[in-house]
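Spelled out, the chains give:
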Amino acid sequence: MVFHQKREAGLFRHLVRFQRWYWQKQKIQPYVDFMQKNYPPDFTYQDFAPQFTAEFFDAKEWTDIFASSGAKYIVLTTKHHEGFTLWGSKNSWNWNAVDVGPKRDLVGEMASALRAHSSLRLGLYHSLFEWFNPLFQQDADNKFTTNYFPTTKTLPELYEIVTKYKPEVLWSDGDGDAPDTYWNSTGFLAWLYNDSPVRETVVTNDRWGYGSICTHGGYYTCADRYQPGHLLKHKWENCMTIDSRSWGYRRNAPLRDYLTIEQLVSTLVETVSCGGNLLMNIGPTRDGRIAPIFEERLRQMGLWLGTNGEAIYDTTAWRAQNDSLSPNVWYTYKPKENAIFAILLEWPKEGTVILHEPLATQGKTQVALVGHGSLKWEPVKPNGLRVLLPQLSFSQMPCQWAWTLRLTGAT
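The structure contained in this document is the topic of the report that follows.

Scoring rules and cut-offs
- Residues numbered from 1 in each chain as written.
- Predicted model: local features only at pLDDT ≥ 70, side-chain atom pairs only at ≥ 80, totals over all residues.
- Heavy atoms only, no water.
- Pairing = 2+ DSSP bridges.
- Helix = DSSP H or I, 4+ residues; strand = E, 2+ residues; numbered from the N terminus.
- Axes fitted to C-alpha atoms, helices over the stretch in contact; angles between N-to-C directions.
- Disulfide = S-S within 2.5 Å.
- Buried < 20%, exposed > 50% of the residue type's maximum accessible area, 1.4 Å probe, protein only.

Focus: the sheet that holds strand β8 (residues 329–334)
Note on sheets: strands pair through backbone hydrogen bonds, and any given pair is parallel or antiparallel.
Here's step 1: Reading across the sheet, the seven strands line up as β8-β9-β14-β11-β12-β13-β10 and stay open at both edges, with antiparallel pairing between neighbours. Every interior strand has two partners, whereas the edge strands, β8 and β10 (352–355), have only one. Each adjacent strand pair in this sheet contributes to an overall mean axis angle of 30 degrees, direction not counted.
Here's step 2: Sheet topology places β8 next to strand β9 (residues 339–344); six bridges connect them, and they run antiparallel. When the bridges of β9 are listed, T332 appears paired with F341.

Below is the structure:
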């Protein structure tokens, strides 16, 4: 379980379609109108499957992009709520990526490339329920006193992906308002942690049945885009999206809906300062590409972590998460080096910054701008220190978006 005690960044990949839910279940008018305008009257959701071709999918290329982001693990969506699996599931006949569409085992290709060409850890997302599966609907109508769906679909798939692909993160989702007893979650997790081929390395989240989220799990997710703003006692993860309005790829997404690199770095810093991991989602295209804006954001994050990674990786939350008086200053801590990191989300216009939380001692405390060098500081009353920042040109700045001060000899 050591892996997830470290502060890390991860990548979430959603190859899913949400329009069936909006179109056929919720019947949201813009989606209904779009389908009526652009598709024939007898067009069904299943008719989308052959259009999912993934002809440009290159697992090695994706691995290179992921590795360049500075992430330490990825989580691939193997099956979302609509039930289509990205591997040749034995329990999803003709509704999987091997039988229809790409006719390839996308999960297997990604797992192999990841292990052959990077040190990234493999995580797999899997939805417990399926929106329109008649067996699940039957169990729901029976108020979950029957369990036809989990015994014939969900559980066999979970055992299969763990045994076949050996993930180190298993990301469960979609309880369908059914309790964990219906899903036999405790039985499966007992096997996972005691008898499975990944029993020594695997970690899991908290979405294993109604009421378990943010209560039971190896680490908590609590809600999508969860950002508590304070330290939690339990390990947690912020799963969020670069496209602020979607987990999938949107052909009509305007630029304003994509988070800027400044916003993404800010989200990472706040998450890590409060003891969490960041799981950042991208939505690939149906032909298997990562859109340039997603690639750009990932590579930008990697550039920032290339300079400031020591304030993120293998750190813990400090006694103060952010500065009580100076805005946009967040703290992390590295116990082995007894180093405090103060991350400035904005470069102070006046050329100095006051850190009110650290207790500094003259002649002992040293301050450095990560990627640049040592800085001078002076004490302030009643406590804290004023750090004198260097006057640097744009090209001399160690990075472009947020800046890290490293303090040693302080408490």
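As for the state of the cysteines
Here's step 1: For the structure on display, the rule yields one disulfide.
Here's step 2: Sulfur-sulfur distance for the disulfide between C214 and C222 comes to 2.0 Å. Its S-S torsion of about 70 degrees marks the bond between C214 and C222 as right-handed, since a negative value means left-handed.
Here's step 3: Residue C214 is classed as partly exposed on the basis of its relative accessible area of 32%.
Here's step 4: Given a relative accessible area of 13%, C222 falls into the buried group.
Here's step 5: Sulfur of C239: no disulfide; nearest cysteine sulfur belongs to C222 and is 9.6 Å away.
Here's step 6: A relative accessible area of 0% places C239 in the buried class.
Here's step 7: With no disulfide of its own, C274 lies 13 Å from the sulfur of C222, the closest cysteine sulfur.
Here's step 8: Take C274: its relative accessible area is 0%, and that puts it in the buried class.

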